[in-house]
Amino acid sequence: MPNRQQENQPTKTCPVCNRDFTWRKKWERDWEQVKYCSKACGKKGDVLAAKDAKSAK
Ligand SMILES: [Zn+2]
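From a predicted model like this one, the values you see are computed outputs, not experimental measurements.

Caption draft 1: Examining helix α1 (residues 39–56) more closely. A rise of 1.5 Å per residue sets the reference length of α1, with its 18 residues, at 26 Å; its end C-alpha atoms lie 25 Å apart and thus fit the reference within 8%. A small share of α1 lies buried, amounting to zero of its 18 residues.

Shown next, in the form of structure tokens:
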């Protein structure tokens, strides 16, 4: 059976891979700032954001 505790954890949806990810202990200090499920997605997201910023100019 899955861990019941997880049901009480907040979740977010990663804008890069569109998967839901769950709060982790390592994010307890900056959960508000966490946008991506993983470092890999964070990199991709940063690249996309940079592109957006450039094309918006
Ligand atoms: Zn992701």
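Following the structure, the description resumes.
Caption draft 2: Looking closely at the confidence of the model for the protein chain. Counting all residues, the mean pLDDT for the protein chain is 89, and 86% of those residues have values of 70 or more. Across the protein chain, element-level confidence peaks in strand β1 (residues 11–13) with a mean pLDDT of 97 and bottoms out in α1 with 91.

Caption draft 3: Expanded view of unusual backbone geometry. Here the phi dihedral of N18 falls at roughly 60°; this positive angle occurs in a residue that is not glycine. Mapped onto the elements, N18 comes out in the loop between β1 and β2 (20–22). In this structure N18 comes out as exposed when scored by C-beta crowding, with 9 C-beta atoms within 10 Å.

Caption draft 4: Structural view of the environment of R19. Inspection of the secondary structure puts R19 in the loop between β1 and β2. Considering only alpha carbons, one finds R19 and C37, 18 residues apart in sequence, at a separation of 7.8 Å. Setting aside its immediate chain neighbours within four residues, R19 contacts C14 and C37.

Rules and cut-offs
- All chains use their own residue numbering, which begins from 1 and follows the written sequence.
- Local features in this predicted model are restricted to residues of pLDDT 70 or higher, and side-chain atom pairs are both shown and tallied only at a pLDDT of 80 or more, whereas totals for entire chains, interfaces and linings draw on every residue.
- Helix and strand definitions here come from DSSP, where helices need a minimum of 4 consecutive H or I residues and strands a minimum of 2 consecutive E residues; each element is numbered from the N-terminal end.
- Residue count minus one, scaled by 1.5 Å, sets the expected span of a helix.
- To assign burial, the other C-beta atoms lying within 10 Å of each residue's own C-beta are counted, with C-beta atoms placed from the backbone; 20 or more indicates buried, 12 or fewer indicates exposed, and intermediate counts indicate partly exposed.
- Confidence scores per residue from the predictor, reported as pLDDT, run from 0 to 100.
- In this description, a residue-residue contact is defined by the distance between C-beta atoms placed from the backbone, which must lie within 7 Å.

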